[in-house]
Amino acid sequence: MKRVLAAMSGGVDSSVTAALLKEKGYEVVGGTMEIFPDYEQKPLVEGGCCSLSSIEDAKMVASKIGIPHYTFNLKDVFQKEVINNFVNEYSQGNTPNPCIVCNKEIKFKALLTKAFQIGADYIATGHYAKIKKHGNRYFLKKALDSYKDQTYMLYGFTQHQLKHTLMPLGNYSKKRIRKLAKQMNFSVHNKPDSQEICFVADNDYTRFLDENYPGTGDKGPILDTEGNQLGTHNGLYNYTIGQRRGLGISASYPLYVIKLDNKNNAVIVGKDKDVYFNGLIAENINYISVTKLTQKINANVKIRYNSPEFKAKLIPITEQKIKVKFDKKQRAVTPGQSIVFYDNDNVLGGGIIKTAI
């Protein structure tokens, strides 16, 4: 019998994941990560994967299913790999996606290591995605429920990690999962999905940075595209590409943030047309369905989790760097965010947006 460590956040998806795997005959062990930093006030509300109730919810479900449950203290590695990266990226004028870093460095690396330590063959999560093997290669494919598909967050997978990961929800809709949870008498069946930054108690990341990392950013000029100073910003991390409101400046036409210039500690603003870009340069590329790109290809891409895919050309520069040329201009290309490449339902790979072009 194969043993699997089911990552249980206390939510409906991971709860049903553990139950489905036990029904399929796996020896299931439940595991919840303790990652919330000690210097943040612990969130008291339900829904957050780091809330006080989450571990208890996971323990309760594990007891109902009839599986053992463990809590793993991963605070140090989470601080090092996720929070420090989050702070560093914002300090450089980038907009990071901590969930992607967490998936890569914590869930499918640090927690997978824990799984092996307890003799498990696999780790399992409640993500909506599919893992398939063709020949000697593992593929990451989109979920049946396109609205819930989470492949954008998972492009960092290695072949080794895919080999030892189970994602049983890939063929289910979210509605079906909630119905199954209710049939299983899980009290979490109607628990809301977690949307916040898990390590920020109130989801106010600027408050989190101001209180815990006061040196994240200094004030500086707000400049137009010709270099004229229109005002003063309160730190680059307070602004995002495409932002219009809250700039504290006025002009005869609407102004938008078009660039965060870390070198000169300046916020650059321009007209709406200036927020649209022809392409981007991405780095830290990870490929899944191919080993690497040696020539330019056409693909569908996503530049943020909730945005639709669009067509583009992928032009490899090095193994870890790529130029992406959009078929049509796209709005608010944001350095620090991820771009993910698709070939129909297959995830080709992805990387971190370095600069818009």
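Refer to the structure above for everything that follows.
The model shown is predicted, which means the values in this text are computed figures rather than measured ones.

1. Examining the sheet that holds strand S10 (residues 256–261)
Part 1: Ordered in space as S9-S8-S11-S10, the four strands form an open sheet in which the pairing is mixed. Strands with a single pairing partner mark the edges of an open sheet, and in this sheet they are strand S9 (229–233) and S10. Averaged over neighbouring strand pairs, the angle between their axes works out to 30° when direction is ignored.
Part 2: In this sheet, S9 lies alongside strand S8 (residues 220–223) in antiparallel orientation, the contact comprising four bridges. Residue pairing in the sheet places proline 221 in a bridge with threonine 232 of S9.

2. Considering the pairing of strand S12 (residues 276–287)
Part 1: The pairing of S12 with strand S15 (residues 321–331) spans seven bridges and is antiparallel. Note on S15: the bridge partner recorded for phenylalanine 277 is glutamine 330.

3. As for the packing of aromatic side chains
Part 1: Taken as a whole and judged by the stated rule, the model has 14 aromatic pairs.
Part 2: Ring geometry for phenylalanine 108 and phenylalanine 157: centres 4.5 Å apart, planes at 45°, overall tilted. Here phenylalanine 108, found in helix H4 (residues 98–117), pairs with phenylalanine 157, found in the loop between strand S6 (137–141) and helix H5 (159–163); they are 49 residues apart in sequence, far enough to count as distant.
Part 3: Phenylalanine 157 sits in the buried class, given a relative accessible area of 2%.
Part 4: Relative to phenylalanine 208, the ring of phenylalanine 199 lies with its centre 5.5 Å away and its plane at 65°, an arrangement referred to as edge-to-face.
Part 5: Accessibility expressed as a relative area gives 1% for phenylalanine 199, which makes it buried.
Part 6: Overall, the relative accessible area of 0% leaves phenylalanine 208 in the buried class.
Part 7: The structure contains a cluster of three or more aromatic residues connected by ring pairs, namely Tyr39, Phe78, Phe86, Tyr90, Phe199, Tyr205, Phe208 and Tyr213.
Part 8: Lying over the aromatic face of tyrosine 342, lysine 142 brings its terminal NZ or CZ to 4.9 Å of the ring centre.
Part 9: The ring of tyrosine 253 has lysine 271 lying over it, and the distance from NZ or CZ to the ring centre is 5.0 Å.

4. Focus: the layout of surface pockets
Part 1: Approximately 810 Å³ is the volume attributed to the second largest pocket.
Part 2: Lining the second largest pocket are 32 residues, with Glu89, Asn94, Gly336, Ile352 and Ile353 sitting closest to its centre.
Part 3: When residues of the lining of the second largest pocket are traced back to their parent elements, those giving at least two are helix H3 (75–91), H4, S10, S12 and strand S17 (346–356).
Part 4: Of all the elements, S17 adds the most residues to the lining of the second largest pocket, at five residues.
Part 5: Residues belonging to the lining of the second largest pocket are distributed by class as follows: 13 nonpolar, twelve polar and seven charged.

5. Focus: a positive patch on the surface
Part 1: Together, Lys296, Lys313, Lys323 and Lys325 make up a region of like positive charge exposed at the surface.
Part 2: Among the secondary structure elements, lysine 296 is positioned in the loop between S12 and strand S13 (297–302).

6. Digging into helix H1 (residues 12–23)
Part 1: For H1, with twelve residues, the first-to-last C-alpha span of 17 Å sits near the 16 Å given by 1.5 Å per residue.
Part 2: With ten of its twelve residues buried, H1 lies for the most part within the structure.
Part 3: Those residues of H1 not exposed but buried are Val12, Asp13, Ser14, Ser15, Val16, Thr17, Ala18, Ala19, Leu20 and Leu21.
Part 4: Positive phi appears at glycine 25, one or two residues downstream of H1, with a value of about 100°.

Scoring rules and cut-offs
Residues numbered from 1 in each chain as written. Predicted model: local features only at pLDDT ≥ 70, side-chain atom pairs only at ≥ 80, totals over all residues. Heavy atoms only, no water. Pairing = 2+ DSSP bridges. Helix = DSSP H or I, 4+ residues; strand = E, 2+ residues; numbered from the N terminus. Axes fitted to C-alpha atoms, helices over the stretch in contact; angles between N-to-C directions. Phe/Tyr/Trp six-rings, centres within 6.5 Å; stacked < 30°, edge-to-face > 60°. Buried < 20%, exposed > 50% of the residue type's maximum accessible area, 1.4 Å probe, protein only. Lys NZ or Arg CZ within 6 Å of the ring centre and 35° of its normal. 1 Å grid on protein atoms, 1.4 Å probe; cavity = no way out; pocket = protein on both sides within 12 Å on 5 of 7 lines; lining within 4 Å. Points joined across faces, edges and corners; volume = space filled by probe spheres on them. Nonpolar A, V, L, I, M, F, W, Y, C, P; charged D, E, K, R; others polar. Patch = residues over 30% accessible without salt bridge, like charges linked within 9 Å, V, L, I, M, F, W, Y side chains within 5 Å. Areas by Shrake-Rupley, 256 points an atom, 1.4 Å probe, with all protein chains shown as cover. Salt bridge = Lys/Arg side-chain N within 4 Å of Asp/Glu carboxyl O. Lys, Arg positive; Asp, Glu negative; His and termini not counted. Charge placed at Lys NZ, Arg CZ, Asp CG, Glu CD. Expected span 1.5 Å × (residues − 1).

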